[in-house]
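# Coordinate analysis (summary)
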Amino acid sequence: MRILKYILLLALLAVIGLSVYVGTQDSAYKVSRSKVIKAQKSVVFHYVNDYKNWEDFGIWKEEDPNMVFTYSDTTIGRGASYSWKGNSGEGKTTTIFEKENDSIAQKVTFSGNEANSYLTFKDTTGGTKITWHSEGNLGFMAKVYATFKGGAEKMIGEMYSKTLEKLDKVISYEINTYDIKVNGVVQKTGGYYFQQKITCKISEAQKNISIILPNMLRFFKDNNIKMTGSPFVIYSNYNLANNLTTLSVCLPMQDEIFTAEGSDYTSGKLEPFQAVKTTLNGDYSHSKEAWDKTIDYIKKNNLANTSGKYIELYSVGSAQVKNPSKWVTEIYVP
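Structural notes, computed from the coordinates. (Residues numbered from 1 in each chain as written. Predicted model: local features only at pLDDT ≥ 70, side-chain atom pairs only at ≥ 80, totals over all residues. Heavy atoms only, no water.)

### A closer look at the nonpolar core
Among the nonpolar cores identified, the biggest contains 32 residues, and Val 48, Trp 54, Leu 119, Phe 121, Ile 130, Leu 167 and Ile 171 are the most heavily contacted of them. Broken down by secondary-structure element, the contributors of at least two residues to this core are strand E1 (28–37), helix H2 (41–48), helix H3 (54–57), strand E3 (81–86), strand E5 (103–110), strand E6 (113–124), strand E7 (127–137) and helix H6 (152–174). Tallying contributions element by element places H6 first for this core, with six residues. Among all residues touching Ile 130, those that are not within four sequence positions of it are Arg 33, Ser 34, Lys 35, Ile 37, Val 48, Leu 119, Thr 120, Phe 121, Leu 164 and Leu 167. If you look at the next biggest cluster of nonpolar residues, it comprises 26 residues, including Cys 200, Ile 209, Leu 251 and Trp 291. (Core = buried A, V, L, I, M, F, W, Y, C linked by side-chain atoms within 4.5 Å. Buried < 20%, exposed > 50% of the residue type's maximum accessible area, 1.4 Å probe, protein only. Helix = DSSP H or I, 4+ residues; strand = E, 2+ residues; numbered from the N terminus. Contact = heavy atoms within 4.5 Å.)

Written out as structure tokens, the structure is:
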């Protein structure tokens, strides 16, 4: 009986000692890790800037396969967020600032702890140097956990390093696995479409499309409007000198829809026309190469330009499959 009392006393002293030790540790921490990703800066930035991709390159799901992710309506840019719930707790990451192809600032909450996180993207030899930096404060239980992991800097730093390593592997495959085929002259079918027209920088076109398209798809769903094909974009102006483009994000539909004056959404009708078709299998970052090959084909075959629309049609996109290597984009040049 006396031995049992001694054991309990020693256990109590150990708990008190651990509590005192943990309590004296600094709750504030700063962590920074960097990695050179073998891809151009714009590709790395846009991949990381979309939270739907974080589930694929983050190591957290490897450690907790049952972790559940939830995404906000918009997963790209300022205001975008995703949350998670797993065996070790739950949390949320929100983008509070972004600078195109340069940096992303985030607010992170995890089981009552808060942190500010920053990602920067710099051109360097061999690709893009991405630096992941965070600073915050740990609560008592988080400090206990970190103590057994060698401290907050080591624990969080190892997670960042492993995640950046995986990001490099994922991007190397998903982004660089692609194929472009010029299919030749085809008859492009027509029909009614619903559109939102914008003018923006050419460099920001894809980001804007990625933001607008989910909202339009939600509008169709909420109003029980049936799409008659795949989403597409019509380019009505493409000014390289001023880095500006005017485009319409479109959803095909059976009948014309009339909207109130001043609405962001309007209807249009695409007339059938002859076009040179090119198919891009893979990430959208290769679209410029696909467009260039299409124009080269037209020049080499002395094809006369006719009336019609300059179109990108997303027959398989991020709404159907997350993996960029499996996306299919069709280009039509009149």
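### A look at the packing of aromatic side chains
Tallied over the entire structure, the rule returns 21 aromatic pairs. Seen from their ring centres, Tyr 235 and Tyr 238 are 5.9 Å apart, and the 80° between their planes marks the pair as edge-to-face. Tyr 238 sits in the partly exposed class, given a relative accessible area of 47%. Following the ring pairs from residue to residue traces out a cluster consisting of Tyr 47, Tyr 51, Trp 54, Phe 57, Trp 60, Phe 69, Tyr 71, Tyr 82, Trp 84, Phe 110, Trp 132 and Tyr 160. Of note, Lys 188 hangs over the ring of Tyr 332, and the distance from its end group to the ring centre comes to 5.3 Å. (Phe/Tyr/Trp six-rings, centres within 6.5 Å; stacked < 30°, edge-to-face > 60°. Lys NZ or Arg CZ within 6 Å of the ring centre and 35° of its normal.)

### Notes on the sheet that holds strand E10 (residues 232–239)
Within the open sheet, the eight strands sit side by side as E8-E13-E15-E14-E10-E11-E9-E12. Their pairing is antiparallel. Edge positions in the open sheet fall to strand E8 (179–188) and strand E12 (265–270), since each of these has one partner strand only. Each adjacent strand pair in this sheet contributes to an overall mean axis angle of 30°, direction not counted. In the sheet, strand E14 (residues 310–316) pairs with strand E15 (residues 328–333) via five bridges, with the strands oriented antiparallel. Pairing of Ile 311 across the sheet is with Tyr 332, part of E15. The sheet contacts of helix H7 (residues 205–222) involve strand E9 (191–201), E10, strand E11 (244–253), E12 and E14, and relative to E11 the element is tilted by about 25°. Contacting E8, E10, strand E13 (273–281), E14 and E15, helix H8 (residues 287–300) crosses the sheet at an angle of about 35° to E15. (Pairing = 2+ DSSP bridges. Axes fitted to C-alpha atoms, helices over the stretch in contact; angles between N-to-C directions.)

### A few points about the sheet that holds E5
If you trace the seven strands from one edge of the open sheet to the other, you get E1-E7-E6-E5-E4-E3-E2, paired in antiparallel fashion. Both edges of this open sheet fall to E1 and strand E2 (68–71), since each of them pairs with a single strand only. For this sheet the average axis-to-axis angle between neighbouring strands, irrespective of direction, equals 20°. Note that E6 and E7 share 11 bridges and pair antiparallel. Following the sheet pairing, Asn 116 is matched in E7 by Glu 135. Contacts from H2 reach E1, strand E4 (89–99), E5, E6 and E7 within the one sheet, and its direction differs from that of E6 by about 160°.

### Topic: the environment of Tyr 238
Secondary-structure assignment places Tyr 238 in strand E10. As for Tyr 238 and Lys 201, which are separated by 37 residues in sequence, their C-alpha atoms are 9.6 Å apart. With residues up to four places along the chain from it excluded, the contact list for Tyr 238 reads Ile 202, Leu 244 and Thr 245.

### Section: unusual backbone geometry
Of note, the phi angle at Asn 224 is positive, near 55°, even though the residue is not glycine. Relative to the helices and strands, Asn 224 resides in the loop between H7 and E10.

### Here we look at the pattern of salt bridges
Scanning all chains against the criterion turns up 13 salt bridges. A salt bridge links Lys 35 to Glu 165, with the nearest nitrogen and oxygen atoms 3.4 Å apart. Of this pair, Lys 35 sits in strand E1 while Glu 165 sits in helix H6, placing them 130 residues apart in sequence. According to the relative accessible area criterion, Lys 35 is partly exposed, its value standing at 21%. Given the relative accessible area of 38%, Glu 165 is considered partly exposed. Between Lys 122 and Asp 102 there is a salt bridge, with the nearest N and O atoms lying 3.6 Å from each other. Of this pair, Lys 122 sits in strand E6 while Asp 102 sits in the loop between E4 and E5, and the two are 20 residues apart along the sequence. In this structure Lys 122 comes out as partly exposed when scored by relative accessible area, which is 43%. For Asp 102, a relative accessible area of 21% translates into the label partly exposed. Each of Glu 55, Asp 56, Lys 61 and Lys 322 takes part in a single network of salt bridges with overlapping partners. (Salt bridge = Lys/Arg side-chain N within 4 Å of Asp/Glu carboxyl O.)

Purely geometric numbers; function is a separate question.
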